[in-house]
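Commentary on secondary and tertiary structure
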Amino acid sequence: MKKLKMVKGSECMACLQCVMACSEAYYKEFNPDYSCIQIVEKKAGIRPMACPQCGKCAEACPSGAITQNAKGVYMVNKKLCTGCGACVEACPFGLMVKAESKPNATKCVACGLCAKACPMGVLEIVEE
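Quick look at the structure, then. (Residues numbered from 1 in each chain as written. Predicted model: local features only at pLDDT ≥ 70, side-chain atom pairs only at ≥ 80, totals over all residues. Heavy atoms only, no water.)

Let's talk about the side chain of Asn 104
Selection criterion: Numbering of helices and strands runs from the N terminus, with a helix taken as a DSSP run of H or I at least four residues long and a strand as a DSSP run of E at least two residues long. The buried label applies to any residue whose accessible area, calculated with a 1.4 Å probe on protein chains only, is under 20% of its type's maximum; exposed applies above 50%, and partly exposed to all values in between. Counting of polar contacts relies on pairs of N or O atoms within 3.5 Å, with two restrictions inside protein: one atom must be capable of donating a hydrogen and the other of accepting it, and residues adjacent in sequence are counted only when both atoms are side-chain atoms. By definition in these notes, contact holds between two residues if any of their heavy atoms fall within 4.5 Å.
If you trace the backbone, Asn 104 turns up in the loop between α3 (86-90) and α4 (113-117). The exposure class assigned to Asn 104 is buried, which follows from its relative accessible area of 13%. Within the local environment of Asn 104, its side chain forms a polar contact with the backbone oxygen of Cys 81, the two atoms lying 3.4 Å apart. When neighbours within four sequence positions are excluded, Asn 104 is seen to be in contact with Tyr 27, Lys 78, Cys 81, Val 97 and Lys 98.

Shown next as structure tokens:
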């Protein structure tokens, strides 16, 4: 399964370059609310958080627009997505994004743009 992970032993400095790269890729603007990766404060410190590919969004989608690809990544089919927001409500991590100005929901697809944007090399795409 392909996933975005934090490099073991690395420290996030919360510069938001990953957040910016994601929101600009999907929405052509820097808006942290439109990013599929979020910076959160945990007991272990500040950490980037992205979709763990749990599939809760797919289970909640009434139109069957979210399916898992061969690499284990859940993808939103924009042609089937009705924009109802059921996936956003179902995401236990708050990582599904549905901007009012856009017809479809978005989520992390482990594309790696955020990892490339990180100046500290904190993020990586891994196969599990």
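Now that the structure has been shown, we can carry on.
A short note on the pattern of salt bridges
As a working rule, side chains carrying opposite charge can pair if their charged atoms are close by. What counts is decided by this rule: A carboxyl oxygen of Asp or Glu within 4 Å of a side-chain nitrogen of Lys or Arg is what we treat as a salt bridge.
According to the stated counting rule, one finds three salt bridges in the structure shown. Measuring nitrogen to oxygen at the nearest pair gives 2.7 Å for the salt bridge that ties Glu 128 to Lys 5. Of this pair, Glu 128 sits in the segment after β6 (123-127) while Lys 5 sits in strand β1 (residues 2-6); the two residues are 123 residues apart in sequence, bridging distant segments of the chain. With relative accessibility at 33%, the residue Lys 5 sits in the partly exposed group. A salt bridge links Lys 71 to Glu 127; its shortest N-O distance comes to 3.7 Å. With Lys 71 in the loop between β4 (66-68) and β5 (74-76) and Glu 127 in strand β6, this pair connects stretches of sequence that are 56 residues apart. Sharing partners across several salt bridges, the network here consists of Lys 3, Lys 5 and Glu 128.

So, the pairing of strand β2 (residues 38-42)
For clarity, the threshold we go by: Only when DSSP finds a minimum of two bridges between them are two strands counted as paired.
With five bridges connecting them, β2 and strand β3 (residues 45-49) associate as antiparallel partners. When the bridges of β3 are listed, Lys 42 appears paired with Gly 45. Here β2 folds back onto β3, and the loop between the two strands holds two residues.

Digging into the packing of aromatic side chains
Counted only if it meets this: Classification of ring pairs uses Phe, Tyr and Trp, with its six-membered ring standing for Trp, and accepts pairs whose centres are within 6.5 Å; under 30 degrees between planes counts as stacked, over 60 as edge-to-face, and the remaining range as tilted.
Taken as a whole and judged by the stated rule, the model has two aromatic pairs. On the basis of an interplanar angle of 45° and a centroid distance of 6.5 Å, the ring pair of Tyr 26 and Tyr 27 is categorised as tilted. The partly exposed category is assigned to Tyr 26, whose relative accessible area is 25%. Taking relative accessible area as the criterion, Tyr 27 reaches 5% and is therefore assigned buried. Here a set of aromatic residues connected by ring pairs shows up, and it is made of Tyr 26, Tyr 27 and Tyr 34.

Section: the environment of Glu 127
Residue Glu 127 is classed as exposed on the basis of its relative accessible area, which comes to 53%. Along the sequence, Glu 127 and Tyr 74 sit 53 residues apart, while their C-alpha atoms lie 14 Å from each other.

Some thoughts on the environment of Pro 92
With respect to the helices, strands and loops of the structure, Pro 92 is situated in the loop between α3 and α4. Along the backbone, Pro 92 and Cys 51 are 41 residues apart, and their C-alpha atoms lie at a distance of 9.8 Å.

Topic: unusual backbone geometry
One non-glycine residue, Lys 28, adopts positive backbone phi at about 60°. Looking at where Lys 28 falls in the secondary structure, it is placed in the loop between α1 (17-27) and β2. For Ala 110, which is not a glycine, the phi torsion comes out positive at approximately 55°. By the element assignment, Ala 110 lies in the loop between α3 and α4. Given a relative accessible area of 2%, Ala 110 falls into the buried group.

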